[in-house]
Amino acid sequence: MANIKFIQEDKEVIAADGANLREKALENRVDIYTFRGKMLNCGGYGQCGTCVVEVVEGMENLSERTPAEQKKLKKKPDSYRLSCQTIVNHGDVSIVTKPQIR
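Residues numbered from 1 in each chain as written. Predicted model: local features only at pLDDT ≥ 70, side-chain atom pairs only at ≥ 80, totals over all residues. Heavy atoms only, no water.

Per an unreviewed UniProt entry, the protein chain carries the name Ferredoxin and comes from Dactylococcopsis salina. Annotation of the protein chain in UniProt includes, under Sequence similarities (unreviewed entry), the sentence "Belongs to the adrenodoxin/putidaredoxin family." Database annotation for the protein chain, UniProt heading Cofactor (unreviewed entry): "[2Fe-2S] cluster". (UniProt positions renumbered as here; feature names shortened; annotations may be inferred.)

Some details on the nonpolar core
By size, the foremost hydrophobic cluster in this structure holds 23 residues, and its most contacted members are I4, F6, L21, I32, C51, L82 and I95. Within the residue set of this core, elements represented by two or more residues are β1 (2–6), β2 (11–15), α1 (21–27), β4 (52–57), β5 (80–82) and β7 (93–97). Not counting the four nearest positions on each side in its chain, I95 is found in contact with I4, K5, F6, I7, L21, V53, E54 and V55. (Core = buried A, V, L, I, M, F, W, Y, C linked by side-chain atoms within 4.5 Å. Buried < 20%, exposed > 50% of the residue type's maximum accessible area, 1.4 Å probe, protein only. Helix = DSSP H or I, 4+ residues; strand = E, 2+ residues; numbered from the N terminus. Contact = heavy atoms within 4.5 Å.)

Focus: the pattern of salt bridges
Scanning all chains against the criterion turns up four salt bridges. E27 is paired through a salt bridge with K24; the nearest N and O atoms lie 3.2 Å apart. Of the two residues, E27 and K24 are both situated in helix α1; the distance of three residues between them amounts to about one turn of the helix. A residue is classified by how much of its surface remains accessible, and E27, at 53% relative accessible area, is exposed. By relative accessible area, K24 is classed as buried at 15%. The shortest N-O distance in the salt bridge between E69 and R81 comes to 2.7 Å. On the criterion of sequence distance, the pair formed by E69 in helix α3 (residues 67–72) and R81 in strand β5 is long-range, its members being 12 residues apart. Comparing E69 with R81, the two get one shared label, buried. Via salt bridges that share partners, D31, K38 and K98 belong to a single interconnected network. (Salt bridge = Lys/Arg side-chain N within 4 Å of Asp/Glu carboxyl O.)

Structural notes on unusual backbone geometry
Notably, D10 is not glycine yet its phi reads approximately 50 degrees, a positive angle. Locating D10 in the fold gives a position in the loop between β1 and β2. Relative accessible area serves as the criterion here: at 67%, D10 is assigned to the exposed category.

Here we look at the sheet that holds β7
One open sheet accounts for five strands, arranged β2-β1-β7-β4-β5; its pairing is mixed. If you trace the sheet from one side to the other, it starts and ends with β2 and β5, each paired once. Taken over all neighbouring pairs, the strand axes of this sheet differ in orientation by 35 degrees on average, direction set aside. Where β4 and β7 come together, four bridges link them in antiparallel fashion. In the strand pairing of β7, E57 is matched with S94. (Pairing = 2+ DSSP bridges. Axes fitted to C-alpha atoms, helices over the stretch in contact; angles between N-to-C directions.)

Here's what the structure looks like:
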């Protein structure tokens, strides 16, 4: 089990190992999309790049970047992930949602 802390929302969520980060956020009413993302998201297939989050702590507790992430995030910092492609493997993580608008 792992704790996912959504920093801006001041919310902690418990996730089983192997949980998808986007699904856990949506299940717990954490808004990961900007206005544009709400209109244009691909539904979690890694094609649109609108579910970007920043991992502040616990990157080692997440899956490796997928090829979709490599393509969509090539000009972004290494701490950026597509939540739809990110699996919580084990251990706690801290996440900033919508980092592109800071």
